[in-house]
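# Descriptive analysis of the structure
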Amino acid sequence: MTHATATQTITFRLRRYDPEKDAAPRWETRTLPVSEGMTVLEALHALKAEQDPTLAWRSSCRMGICGSCGMFINGLPRLACQTQVLHLASDVVEVAPLPNYPNVKDLVPDLAPLFEKHAAVRPHLLNGADDQPPQGEYLQTPEQREAYGQFSICIKCGLCMSACPTMATDPHFLGPQPLAQAYRYCADSRDTGLRQRLEALDALHGPFQCHLAGACTDACPKGVDPALAIQLLKRTLSLEALGLRGRKPTPREVPLAAEFKPNEKIPAPPPRTVPTHPRNP
Amino acid sequence: MRETRLWLLSLACTTLLLFLLGAHFALMHYSPVFYGQTVEETRTFAALLERGRQTAFLVIYLLFLAAALYHGLYGLRGILLELPLARSYGRWVSGALVVVGLAFFAYGTYVTWWTFTQ
């Protein structure tokens, strides 16, 4: 890898752990010349290519949308691809795996607890038609879309779960991400499944264990504001318990057009150049 | 919706405590301002007994006792549930706090009723 003209040599303290060799995690120090604009992810790539090919981490898109590269960087959970080294304003950059998750190896957390808790709140539309695919479209006004839109941009990076102080001590707490997604679906006009989610939500380690620290909102790289979602979820559950929530209207399906008529102004596609595949006839 | 109702009850107790504590402070610490009595006069045993014999104070004391006990023990339950222990531990915590709460409420009610009947 070639870099732009180096402007500063930065010391990287990396949390290393190989379960096959190490009894416990350890710190390893390395230095790297860093130029303006270089992200922590790019620095890790450079360190792996030039100094230690055994360094392990997760990453994919390198543009802040996949959520894979969550790490604990200088004391805060961040996406490595969205964190510029020189913007940390420190000669020493500490990189560790996300806290509140088991550590698989080096900077790789085991995110299974996140996905299990997320699945527990049934993060999909529930409207009495679980077994049947929809036969048409569910109409939704812009206002109805706005009610849950902010919470729908979660990329499941898990940074909020790392930042949460309740998660740090209570492994059974559902956590900001699942709770925010539970609210995302309860607030969706196409969903009528609040009662079906109560087993997970109206529980000992559910939303009422949230103390509104707000660290999850601070950590979120996409502006989801899970802390707000959890408080709105508490309000939703409270109104439901008091019988004040009212009955949500059953989402109405608008049938698709019986016959599809292509737009004549759009030219036909060119002929296929590859053989057909069973999954792509 | 058990947990939701328990949480709502804690909010109700907190609101009730706001008024009851305010009244308590007014009586016990600012009595010259609100009752025209000195602080020492309001705190004598005779004054305490006289208040305790009134039905209004009986009701206030019992409400105060119930709200403070629920508020405190619900908060303690929240703290204890955050300890990194087995999931089944939560039921034992809740059960133990219910027993403790009922015991303290019974004792406090006994003392309040004894004062009322003097």
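Described below are features of the structure shown in this document.

So, how was this worked out
Residues numbered from 1 in each chain as written. Chains lettered and ligands numbered in written order. Predicted model: local features only at pLDDT ≥ 70, side-chain atom pairs only at ≥ 80, totals over all residues. Heavy atoms only, no water. Helix = DSSP H or I, 4+ residues; strand = E, 2+ residues; numbered from the N terminus. Rg over C-alpha atoms; globule rule 2.2 N^0.38 Å. Buried < 20%, exposed > 50% of the residue type's maximum accessible area, 1.4 Å probe, protein only. Areas by Shrake-Rupley, 256 points an atom, 1.4 Å probe, with all protein chains shown as cover. Lys, Arg positive; Asp, Glu negative; His and termini not counted. Charge placed at Lys NZ, Arg CZ, Asp CG, Glu CD. Contact = heavy atoms within 4.5 Å. Buried area = accessible area lost by both parts, 1.4 Å probe. Polar contact = N/O pair within 3.5 Å; in protein donor to acceptor, adjacent residues only side chain to side chain. Pairing = 2+ DSSP bridges. Axes fitted to C-alpha atoms, helices over the stretch in contact; angles between N-to-C directions. Parallel < 35°, antiparallel > 145°, perpendicular 65-115°, else oblique. Left-handed = near helix turned anticlockwise from the far one by under 90°. Nonpolar A, V, L, I, M, F, W, Y, C, P; charged D, E, K, R; others polar.

The next thing to look at is the overall build of chain B. Looking only at helices and strands, chain B has six helices and zero strands in total. Counting helices and strands in the order they occur from the N terminus, chain B gives α-α-α-α-α-α. Relative to a compact globule of 118 residues, whose C-alpha radius of gyration would be 13 Å, chain B shows 18 Å and is clearly more extended. Based on the C-alpha atoms only, the size of chain B along its principal axes is roughly 55 × 30 × 25 Å. With 118 residues in all, chain B has 32% of them scored as buried. With the model as given, the accessible surface of chain B reaches about 7600 Å², and the carbon-plus-sulfur share is 74%. Charge centroids of chain B, computed over 8 positive and 5 negative side chains, lie 16 Å from each other.

What follows deals with the interface of chain A and chain B. The interface is formed by 20 residues belonging to chain A together with 20 residues belonging to chain B. Approximately 1700 Å² of surface area, both sides summed, lies buried where chain A meets chain B, with 60% of it carried by carbon and sulfur atoms. It is H172, L204 and F208 of chain A in chain A that bury the most area against chain B; as a group they hold 34% of the surface buried on that side. Counting every contact that joins chain A to chain B gives eight residue pairs in polar contact (both at pLDDT 80 or more).

It is worth spelling out the pairing of strand β3 (residues 70–73) of chain A at this point. Pairing between β3 of chain A and strand β4 (residues 76–79) of chain A: four bridges, direction antiparallel. By the bridge assignment, I73 of chain A is partnered in β4 of chain A with L76 of chain A.

Glancing now at the packing of helix α2 (residues 112–120) of chain A against helix α6 (residues 176–186) of chain A. All names here are of chain A. Relative to each other, α2 and α6 sit at 25°, their axes nearing to 8 Å. With respect to α6, the axis of α2 lies roughly parallel. Here the hand of the crossing between α2 and α6 comes out right-handed. When α2 is examined against α6, the residues L114, K117 and H118 are found in contact with a partner set consisting of Q177, P178 and Q181. Tallied by class, residues from the contact of α2 with α6 come to two nonpolar, three polar and one charged.

All names here are of chain A. Strand order in the open sheet formed by five strands is β2-β1-β5-β3-β4, with mixed pairing between adjacent strands. Edge positions in the sheet fall to β2 (26–34) and β4, since each has one partner strand and no second. Across this sheet, the average inter-strand angle for adjacent strands is 35°, counted without regard to direction. Here helix α1 (residues 40–50) sits on the sheet and contacts β1 (8–16), β2, β3 and β5 (92–96); the angle it forms with β2, its principal contact strand, is near 100°.

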